[in-house]
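# Per-entry structural report
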Amino acid sequence: MGFKKSRECAGMTVLQASRALEVSPVAVYKWEDGRTAPDARRLPDIAKLYCCTVDELLSDNQPSA
C-alpha cells in the first residue's frame, strides 16, 4: 500500500500525520515519495496511527514503468 495510500486510507492529512508523529510535514512527504525513510523503530507507531501493518506501509503496489 505504501505510506501515502496508508495515510489517505486512515483519513489523515500530511499535517495531521506529522503532528501526531511529531515530525515535520516535509518528513512525511519525503517518506511518501521515497526520498527518505523513517527510522525503523518508528514504523510500528506509524502503522498504528494509519491503522495498517508495517508490511503494508513498506509495500508499494504501484505498477512498474
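These notes cover the structure that comes with them. (Residues numbered from 1 in each chain as written. Predicted model: local features only at pLDDT ≥ 70, side-chain atom pairs only at ≥ 80, totals over all residues. Heavy atoms only, no water.)

Turning our eyes to something else, we now look at the pattern of salt bridges. Tallied over the entire structure, the rule returns three salt bridges. Of the charged contacts in the structure, one is a salt bridge between Arg 7 and Glu 32, with a shortest N-O distance of 2.4 Å. Of this pair, Arg 7 sits in helix H1 (residues 2-9) while Glu 32 sits in helix H3 (residues 25-33); the two residues are 25 residues apart in sequence, bridging distant segments of the chain. Take Arg 7 and Glu 32: they sit in the same class, and that class is buried. Among the ionic pairs, Asp 39 bridges to Arg 41, the shortest N-O distance being 3.0 Å. With a relative accessible area of 38%, Asp 39 lands in the partly exposed category. (Salt bridge = Lys/Arg side-chain N within 4 Å of Asp/Glu carboxyl O. Helix = DSSP H or I, 4+ residues; strand = E, 2+ residues; numbered from the N terminus. Buried < 20%, exposed > 50% of the residue type's maximum accessible area, 1.4 Å probe, protein only.)

In summary, soluble globular proteins display a tendency toward joint burial of nonpolar side chains. In terms of nonpolar packing, the biggest core is built from 14 residues, with Phe 3, Trp 31, Ile 46, Tyr 50 and Leu 57 touching the most fellow members. Among the secondary structure elements, those contributing two or more residues to this core are helix H2 (14-21), H3 and helix H4 (43-50). A total of four residues in this core trace back to one element, the largest contributor, which is H4. Beyond its immediate sequence surroundings of up to four residues, Tyr 50 is in contact with Phe 3, Ser 6, Arg 7, Ala 10, Met 12, Ala 17, Leu 21, Val 28 and Leu 57. (Core = buried A, V, L, I, M, F, W, Y, C linked by side-chain atoms within 4.5 Å. Contact = heavy atoms within 4.5 Å.)

The final tally for this structure, using the stated rule, is one aromatic pair. With a centroid separation of 6.2 Å and an interplanar angle of 45°, the aromatic rings of Phe 3 and Trp 31 are classed as tilted. Of this pair, Phe 3 sits in helix H1 while Trp 31 sits in helix H3; the two residues are 28 residues apart in sequence, bridging distant segments of the chain. Judged by relative accessible area, Trp 31 falls into the buried class, the value being 9%. (Phe/Tyr/Trp six-rings, centres within 6.5 Å; stacked < 30°, edge-to-face > 60°.)

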